Amino acid sequence: MMSRVLTSLYTTDDGSLTASELVQRLQVSPASISKAMTFLESQGLIRRERDERRRERYLVDSDVFYQSMIAAARSNAQLAETARQGVGVLGRGTPAATRLENIARFVDFVSESLARAAEQARDVLYTKPETTPDSTD
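Treat the numbers as computed from the prediction; the structure is a model and nothing was measured. (Residues numbered from 1 in each chain as written. Predicted model: local features only at pLDDT ≥ 70, side-chain atom pairs only at ≥ 80, totals over all residues. Heavy atoms only, no water.)

1. Remarks on the packing of helix H4 (residues 62-90) against helix H5 (residues 95-121)
In step 1: One way to put it is that H4 packs onto H5 with a least axis distance of 8 Å and a crossing angle of 160 degrees. One way to sum up the angle between H4 and H5 is to call them roughly antiparallel. Considering the relative orientation of H4 and H5, their crossing is left-handed.
In step 2: Among the residues making up the contact of H4 with H5, the classes are represented as 19 nonpolar, three polar and five charged. (Axes fitted to C-alpha atoms, helices over the stretch in contact; angles between N-to-C directions. Helix = DSSP H or I, 4+ residues; strand = E, 2+ residues; numbered from the N terminus. Parallel < 35°, antiparallel > 145°, perpendicular 65-115°, else oblique. Left-handed = near helix turned anticlockwise from the far one by under 90°. Nonpolar A, V, L, I, M, F, W, Y, C, P; charged D, E, K, R; others polar.)

Next up, the structure:
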């Protein structure tokens, strides 16, 4: 359901729909939409705003995707920190502590790389694609 909702939002011209529009479009229950929205919002993939009629609108835009990547990198950094705390609990030099330390180093590397790549590529989200000339011209 989450992917269906996200796809529906990304394929609208304005990247925005209300819950009732999503219910109609996907032919599912309001509860299904609510659950999907809660998850997608918690992942930083959508945001909600109130429109002029005081209805909640769910939105996606280019920056939401960037923010989601940065949130994932932060979440991974927290995982690495938790693994490092486990090293202290288990005792340095034990096989389990060594495994946790390796996991922490791996996750640190990946999350730093993800954050760096997201920063470097952010402009791509705002670049208009090049158009090719019409072959009939």
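2. Here's the deal with the pairing of strand S2 (residues 47-50)
Within a regular beta strand, the side chains point alternately toward one face of the sheet and then the other, so they alternate between its two faces.
In step 1: Two strands pair when backbone bridges link them, and S2 and strand S3 (residues 56-59) are joined in this way by four bridges, in the antiparallel orientation. Bridging across to S3, Arg48 finds its partner in Tyr58. (Pairing = 2+ DSSP bridges.)

3. A look at H4
In step 1: Compared with an ideal rise of 1.5 Å per residue, which puts 29 residues at 42 Å, H4 spans 43 Å between its outermost C-alpha atoms and is within 8% of the ideal.
In step 2: Of all the residues in H4, the buried ones are Val64, Tyr66, Ser68, Ile70, Ala73, Ala80, Ala83, Gly86 and Val87.
In step 3: Just downstream of H4, Gly91 is the residue with a positive phi angle, here 95 degrees. (Expected span 1.5 Å × (residues − 1). Buried < 20%, exposed > 50% of the residue type's maximum accessible area, 1.4 Å probe, protein only.)

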